[in-house]
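If you want the building blocks of each chain, they are given just below.
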Amino acid sequence: MADRDFYRILGVPRTASQDEIQRAYRKLARENHPDVNADPGAEDRFKDISEAYKVLSDPQTRHRYDAFGPDFRQVPEGVDPETWRRARAGAGTRSRAGAGAGQAGGARFGFGAGGEEVDLDELFGGLFGGRSAGGWGPVPGADQTAEIELTVQEAYHGGQRSMTIGSGSSQRRLEVTIPPGVVEGQRIRLGGQGGRGSDGAPAGDLFLVVRIRPDRTFRLEGRDIHVELRLAPWEAALGTSVAVPTPDGEAKVTVPAGTSSGKRLRLRGRGMPNPRGQPGDLYADARIVVPPHPTDAERELFERLAANSQFDPRRRH
Amino acid sequence: MTYALVRAPRLDLEEFAATAGLHPDLVRRLVVLGVLDATRDSAGRLWFARSQLAVVARIQRLRAGFALNYAATGLVIDLLDRIAVLEAAMRRQRLGG
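Structure report, in brief.

Conventions adopted
- Residues numbered from 1 in each chain as written.
- Chains lettered and ligands numbered in written order.
- Predicted model: local features only at pLDDT ≥ 70, side-chain atom pairs only at ≥ 80, totals over all residues.
- Helix = DSSP H or I, 4+ residues; strand = E, 2+ residues; numbered from the N terminus.
- Buried ≥ 20, exposed ≤ 12 C-beta atoms within 10 Å, placed from the backbone.
- Pairing = 2+ DSSP bridges.
- Axes fitted to C-alpha atoms, helices over the stretch in contact; angles between N-to-C directions.
- Contact = placed C-beta atoms within 7 Å.
- Core = buried A, V, L, I, M, F, W, Y, C linked by C-beta atoms within 7 Å.
- Domains from an automatic or database assignment.

1. Description of the overall build of chain A
Next, step 1: Within chain A one finds 9 helices and 13 strands.
Next, step 2: Residue burial in chain A is summarised as follows: out of 317 residues, 24% are buried.

2. As for the sheet that holds strand β3 (residues 144-150) of chain A
Residue and element names in this part refer to chain A.
Next, step 1: Pairing is mixed in the open sheet, where 3 strands are placed in the order β3-β7-β6. If you trace the sheet from one side to the other, it starts and ends with β3 and β6 (187-190), each paired once. For this sheet, the mean inter-axis angle between neighbouring strands, taken without regard to orientation, is 30 degrees.
Next, step 2: Summarising the sheet, β3 and strand β7 (residues 206-212) pair through 7 bridges and their orientation is parallel. Its bridge partner lying in β7, Glu147 is registered against Val209.

3. Some words on the environment of Ile188(A)
Residues and elements named next belong to chain A.
Next, step 1: Among the secondary structure elements, Ile188 is positioned in strand β6.
Next, step 2: For the pair Ile188 and Thr177, spaced 11 residues apart in the sequence, the C-alpha separation amounts to 9.1 Å.
Next, step 3: With residues up to four places along the chain from it excluded, the contact list for Ile188 reads Val176, Ile178, Leu208 and Val210.

4. Considering the pairing of strand β5 (residues 172-178) of chain A
Residue and element names in this part refer to chain A.
Next, step 1: Of all 7 residues in β5, 0 are buried; the element is thus mostly exposed.
Next, step 2: Of the strand pairs in this sheet, strand β4 (residues 159-165) and β5 are connected by 7 bridges, and their pairing is antiparallel. Looking across to β5, one finds that Arg161 is bridged to Val176.

5. Quick word on the nonpolar core
Next, step 1: Core analysis: the largest hydrophobic core is formed by 24 residues, its most contacted members being Ile225(A), Val227(A), Leu229(A) and Ala284(A).
Next, step 2: Only β3, α7 (152-157), β7, β9 (224-231) and β13 (282-288) of chain A provide two or more residues apiece to this core.
Next, step 3: Taken together, domain 2 (144-212) and domain 3 (219-308) of chain A each give at least three residues to this core, which thus spans both.
Next, step 4: The contacts of Leu229(A), once residues within four sequence positions are left out, are Val242(A), Val244(A), Val253(A), Leu265(A), Ala284(A), Asp285(A), Ala286(A) and Arg287(A).
Next, step 5: Membership of the second largest hydrophobic core comes to 17 residues, among which are Leu11(B), Phe16(B), Leu33(B) and Leu46(B).

6. With respect to the sheet that holds strand β3 (residues 46-49) of chain B
Residues and elements named next belong to chain B.
Next, step 1: Pairing is antiparallel across the open sheet formed by 3 strands, whose spatial order is β1-β3-β2. Sheet topology places β1 (10-12) and β2 (39-40) at the edges, where each strand pairs with a single neighbour.
Next, step 2: With 2 bridges connecting them, β2 and β3 associate as antiparallel partners. Bridge pairing in β3 places Arg40 opposite Leu46.
Next, step 3: Those strands touched by helix α1 (residues 13-20) are β1 and β3, and its axis lies near 100 degrees from that of β1.

Right, dumping it as structure tokens:
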């Protein structure tokens, strides 16, 4: 159920002056207009804000709203608020007014004598209602943008994903097909899932911007995937063959003898798939790790190595 | 003749309008449109920070330069401020590597 407290929607106290109400409305409308704010929830917030302003900006409807609450349009003229409240509490059933689309006439307001006069419907009404009093034809809906967070695995393999878009009354669930090999910042276009158009005009598009959740194992650089390849000193010195994780299962890497920390072993084409060209590469970044608590035997072997080796890693060649 | 050594941190409606060269009614209207920020004291009087003088100058330039109405300058200023924040973030990112 959408918030029907018009004062809370505009963020003003119930004692607010007409000036304060207009000021709050102006600011919120600028922030949430569907062409300014691509968040899928903004369009509904904008609608709520406009509805709240429409009611509160007219002292007469505001008075009736204060007396009867959001359902004031269903209360006939001349009803005593106390009688109404008692009758409603007794009836137990609560029927809600619609979104106000049936209300006749637009809200007109001017700014002092000789100032500009702005007609709300002329400005915004055509976007949402069927009452294009301003004489505009059907207006297509605005495009919207939302973020979608994927794990490296999901980005690599693609697939179906359901997500919730928007807030309040128009929250929707979407089934999204993610193509394999999407990368950070890529936009997935869902045609016709954006803002609604008026008078049967087409809806806008919804763009999902891909964010890839940081992963402990895989670091992405575009389509290239980096994994850490931890090696014992003797493996690095003598060479070995190691299994490294990839989003598509394990891959075998041949570590050549004489590999130092920082060396990158490339597995060509094992990075992110690319639907339109070359896949990325997978890099295994070598990192030499020494035993933190060597056994006596290990320590003795290292000592023998130290005594016999002429190697100085700090000498520049 | 005496001069104030310290400038008042905030201006009331008349002072602000006089400094900005506008009619107080226009200033009040800009507050209602939400393009100028002002605080209202318990007596209902409006008070303006000095920084709002720069805002009002920008409003006048935009209005004159692009034939915008005052409600539209509010939107333009909001967007310009948003761009400024984004550009600053991009510069920081570029400097940080």
